[in-house]
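A closer look at the structure
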Amino acid sequence: LAAVSEGLAYSGRPYTFLPAINPARCTGCGWCVGVCPPHVLSLQTQQPNGWGPKQAALHGADDCTGCALCAVRCPVDAIQMLRTGKHR
């Protein structure tokens with residue numbers, strides 16, 4: 001609350017958390033994509049032609065709210081929320 005009294009903006013969440021997806025564990029099921037409110041996760045293939053196994057990927061880190069719904073919903077624990085140290 002000292003930041004508020006000094007006139008600095010305080011969002012209630014001082015640090016940003018972003019999902020880190022473990023490609024060795026991700027099965028490409030898409031559950032994380034379905035629960036992501038800001039729609040910053042997608043399924044992508046490793047091959048440029050669009051064929052092959054899919055994996056989750058974060059494509060909009062600046063718009064991620066850090067809500068962790070993706071990590072909670074992942075059935076194989078392939079997503080871990082990491083603190084970036086960047087203030088919002």
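None of the values given here were measured: they were computed from a predicted structure. (Residues numbered from 1 in each chain as written. Predicted model: local features only at pLDDT ≥ 70, side-chain atom pairs only at ≥ 80, totals over all residues. Heavy atoms only, no water.)

Regarding the environment of L69
For clarity, the cut-off: Secondary structure elements are taken from DSSP: a helix is a run of H or I of four residues or more, a strand is a run of E of two residues or more, and numbering for both begins at the N terminus. Contacts between residues were defined by any pair of non-hydrogen atoms, one from each residue, lying within 4.5 Å.
One can find L69 in helix α3 (residues 69–73). In the structure, L69 is positioned 37 residues away from C32 in sequence and 7.4 Å away in space, judged by C-alpha atoms. Excluding residues within four positions of it along the chain, L69 makes contact with V35 and P37.

Here we look at the environment of Q46
This is how it is decided: We call a residue buried when its accessible area falls under 20% of the maximum for its residue type, exposed when it is over 50%, and partly exposed in between, using a 1.4 Å probe and counting protein chains only. We define a polar contact as two N or O atoms separated by no more than 3.5 Å, with the added condition that, inside protein, one atom must be a possible hydrogen donor and the other a possible acceptor, whereas residues neighbouring each other in sequence contribute only through side-chain atom pairs.
Mapped onto the fold, Q46 is located in the loop between β2 (41–45) and β3 (54–58). Residue Q46 is classed as exposed on the basis of its relative accessible area of 60%. Once residues within four sequence positions are removed from consideration, Q46 is found in contact with P53 and Q55. Of note is the side chain of Q46, whose polar atom sits 3.0 Å from the side chain of Q55.

Here we look at the nonpolar core
In plain terms, the rule: Here the nonpolar core consists of buried residues drawn from Ala, Val, Leu, Ile, Met, Phe, Trp, Tyr and Cys, with membership extended through side-chain atoms lying within 4.5 Å.
One finds C32, L41, C70 and I79 to be the most contacted residues of the largest nonpolar core, which totals 14 residues. Of all the secondary-structure elements, those providing two or more residues to this core are α3 and β4 (79–83). Not counting chain neighbours up to four residues away, the residues in contact with I79 comprise P19, A20, I21, C32, C70, A71 and C74.

Brief notes about the confidence of the model for the protein
In plain terms, the rule: Per-residue confidence from the predictor is reported as pLDDT, which spans 0 to 100.
This prediction gives the protein a mean pLDDT of 84; 78% of its residues lie at or above 70. Counted against residues more than four places away or in other chains, residues 1–11, with its pLDDT under 50, gives 3 contacts.

Section: unusual backbone geometry
In this structure, A68 is a non-glycine residue whose phi angle is positive, near 70°. At D77, a residue that is not glycine, the phi angle is positive and equals roughly 55°. Looking at where D77 falls in the secondary structure, it is placed in the loop between α3 and β4.

As for the side chain of S42
Mapping S42 onto the fold places it in strand β2. You can call S42 buried: its relative accessible area is 18%. Engagement of the side chain of S42 in a polar contact is seen with the side chain of Q44, the distance being 3.5 Å. Ignoring anything within four residues of it in the chain, the contact list for S42 reads V33, Q55, A56, A57 and H59.

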